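One-letter residues, chain by chain:
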Amino acid sequence: MFQIRVSSPSTVALAIGRIQFNRMPKTRFSAIQSKTEIPTSEPNPGSEGSNDGSAPELRVFTRRKRLKKTEVQKIHLEVKPHAPKLAAPPDIEEFTYTKVSASTNSIDTGKPPANWEKVLEGIRKMRSSEDAPVDSMGCEKAGSALPPKERRFAVLVSSLLSSQTKDHVNHGAIQRLLQNNLLSADSIDKADEATIKSLIYPVGFYTRKATNLKKIAKICLTKYDGDIPSSLDELLSLPGIGPKMAHLVMNVGWNNVQGICVDTHVHRISNRLGWVSRPGRKQKTSNPEETREALQLWLPKEEWDPINPLLVGFGQTVCTPLRPRCGMCSVSEFCPSAFKEASSPSSKSKKSGLSKKL
DNA sequence: GTCCAGCCGC
DNA sequence: GCGGCCGGAC
């Protein structure tokens, strides 16, 4: 089964080769009620072990990109899959967080916020009765025939194109690439950049993405034999691939959850809920990467994957950026930010952005 | 006109 | 830490 969860503007964009909507008994996904893992016929060089949480393992995250100017931070995060399901909060003692190099700006500790399970469950319920754009976008059959290497490359291309792009637009672009046999590293490398550009139009930032696509194809071809990189770090080194997409690709492409895919919705909602505020200070995280690190400190690993579609849909329908619908939110009693949003955004320019912070 | 939204260059 | 990248929604 080949499935693209084409995204709404902000989301995680795709899920190829696995069923994603187990918690969203909506429309065409209604038949899918249980978590279905991809048949793991392919080897997974990206991970030493499986990511099914069956055994404790040491994961090493190396953050690059944004930090490379200052210093490369290595954050070793030992994650033991929390024992209790959802019955009890995860044992915080199980999560050992060690900063290797001095870090100026990372969260120090993470305690599970009060009532997080109730909140999560409440959001799940709201999500199951609400139709978010992220839910309604179709799944694709095209590409199911692709062998693993090409499928992974398609995952990478899809996620690159999908950012800042409407679902159906991204879908169309992928379809056109597919129809023109331009969904492999080899073919894209050989293709004219103008051709790529015209085929992916009108995805957001198509010029830049066409350029990046060519570069990525070349890199994949020369360094990875036409496959995509199998580590977070190597994915991050690709042009146009940042933390959000890298985690998505690790998750979907390699079925290897290395971290939470944090987009603007997850970032915003986590902060509104007080899930990532720093103890001692009332400070919120200031960017998605900080939010990701803070969330990973306490959120049970089995939630890392589903948290994105959950909060994205919630953010599209209830907890919207502007004028969130706290009145219809079933977890507002647990939300420190409920009903605190400025009612009239009206005239605020870049200078006076104070009114709209959250 | 303003905002979206992830990444990148500055 | 801000603005540019794109087109579309508003």
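As a reminder, the structure under discussion sits directly above these lines.
Here is a short report on the structure shown in this document. Predicted, not measured: the structure shown is a model, and the values here were computed from it. (Residues numbered from 1 in each chain as written. Chains lettered and ligands numbered in written order. Predicted model: local features only at pLDDT ≥ 70, side-chain atom pairs only at ≥ 80, totals over all residues. Heavy atoms only, no water.)

1. A few points about the nonpolar core
Within soluble globular proteins, side chains that are nonpolar tend to cluster in buried spots. Basically, it comes down to this: We define a nonpolar core as any set of buried Ala, Val, Leu, Ile, Met, Phe, Trp, Tyr and Cys residues linked to one another through side-chain atoms lying within 4.5 Å. The buried label applies to any residue whose accessible area, calculated with a 1.4 Å probe on protein chains only, is under 20% of its type's maximum; exposed applies above 50%, and partly exposed to all values in between. Secondary structure elements are defined from DSSP: runs of H or I of at least 4 residues count as helices, runs of E of at least 2 residues count as strands, and each element is numbered from the N terminus.
One finds L156 and V157 to be the most contacted residues of the largest nonpolar core, which totals 39 residues. Breaking this core down by element, the ones donating at least two residues are α3 (148-162), α4 (167-179), α5 (185-190), α6 (193-200), α7 (206-224), α8 (232-236) and α9 (243-253). Sorting elements by how many residues they give to this core places α3 first, with seven residues. In terms of nonpolar packing, the next biggest core, distinct from the first, is built from 29 residues, W116, I269, V276 and F314 among them.

2. Side note on the packing of α3 against α9
Rules: What counts as an axis is a line fitted to C-alpha atoms, over the stretch in contact for a helix, and the angles between N-to-C directions run from 0 to 180 degrees. Throughout this description, any angle smaller than 35 degrees is read as roughly parallel, any larger than 145 degrees as roughly antiparallel, any in the 65 to 115 degree range as roughly perpendicular, and the remainder as oblique. It is the rotation of the near helix from the far one that decides the hand of a crossing: anticlockwise by less than a right angle makes it left-handed, clockwise makes it right-handed. Residues are treated as being in contact if the distance between any of their heavy atoms lies within 4.5 Å. Under this grouping Gly is polar, as are all residues other than the nonpolar Ala, Val, Leu, Ile, Met, Phe, Trp, Tyr, Cys and Pro and the charged Asp, Glu, Lys and Arg.
Axis separation between α3 and α9 bottoms out at 10 Å; the angle between their running directions is 150°. On the basis of their axis angle, the class for α3 and α9 is roughly antiparallel. Where α3 crosses over α9, the handedness of that crossing is right-handed. Residues R151, R152, V155, L156, S159 and S162 of α3 pack against M245, L248, V249, V252 and G253 of α9. Grouping the constituent residues of the contact of α3 with α9 by class yields six nonpolar, three polar and two charged.

3. With respect to the protein's contact with DNA strand C
So the rule is basically this: One heavy atom within 4 Å of a molecule or strand makes the whole residue count as near it. For this analysis, a polar contact is any N or O atom pair within 3.5 Å, provided that within protein one partner can donate a hydrogen and the other can accept it, and provided that sequence-adjacent residues contribute only side-chain to side-chain pairs.
In the neighbourhood of DNA strand C, seven residues make up the surrounding shell, with Y201, F205, Y206, T207 and R208 lying closest. A share of 43% is what sugar and phosphate atoms reach among the atoms of DNA strand C within 4 Å of the protein. The separation between a phosphate oxygen of DNA strand C and a polar side-chain atom of T207 is 3.2 Å. Residues belonging to the surface near DNA strand C are distributed by class as follows: three nonpolar, two polar and two charged.

4. Thoughts on helix α12 (residues 307-317)
Helical geometry note: an α-helix holds 3.6 residues per turn, so side chains three or four residues apart project in the same direction. The buried fraction of α12 amounts to 11 of the 11 residues, a majority that puts the element mostly inside the structure. Residues of α12 that are buried include every one of I307, N308, P309, L310, L311, V312, G313, F314, G315, Q316 and T317, and no others.

5. Things to note about the environment of P202
Along the polypeptide, P202 turns up in the loop between α6 and α7. Classification of P202 by relative accessible area gives partly exposed; the value is 44%. Through-space distance from the C-alpha of P202 to that of A173 is 7.9 Å; in sequence the pair is 29 residues apart. Setting aside chain neighbours within four positions, we find P202 in contact with V169 and R176.

6. Thoughts on the environment of K190
Take K190: it is sitting in helix α5. According to the relative accessible area criterion, K190 is exposed, its value standing at 62%. A sequence separation of 67 residues divides K190 from V257, and the C-alpha atoms of the two residues are 32 Å apart. Within the local environment of K190, its side chain forms a polar contact with the side chain of D186, the two groups lying 2.8 Å apart.

7. Some points on the packing of aromatic side chains
Both the distance between ring centres and the angle between the ring planes are used here to describe each pair of aromatic rings. Note the cut-off: The pairing test for Phe, Tyr and Trp rings, Trp by its six-membered ring, is centres within 6.5 Å, and the orientation test on the planes gives stacked under 30 degrees, edge-to-face over 60, and tilted for anything in between.
If you walk through the whole model with that rule in mind, you get three aromatic pairs. Residues Y201 and Y206 carry aromatic rings whose centres are separated by 4.8 Å and whose planes lie at 80° to one another, so their mutual orientation is edge-to-face. For Y201, a relative accessible area of 46% corresponds to the partly exposed category. Among the aromatic residues, those joined into a cluster by ring pairs are W116, W275 and W298.

Functional significance is not addressed by these values, which are geometric in nature.
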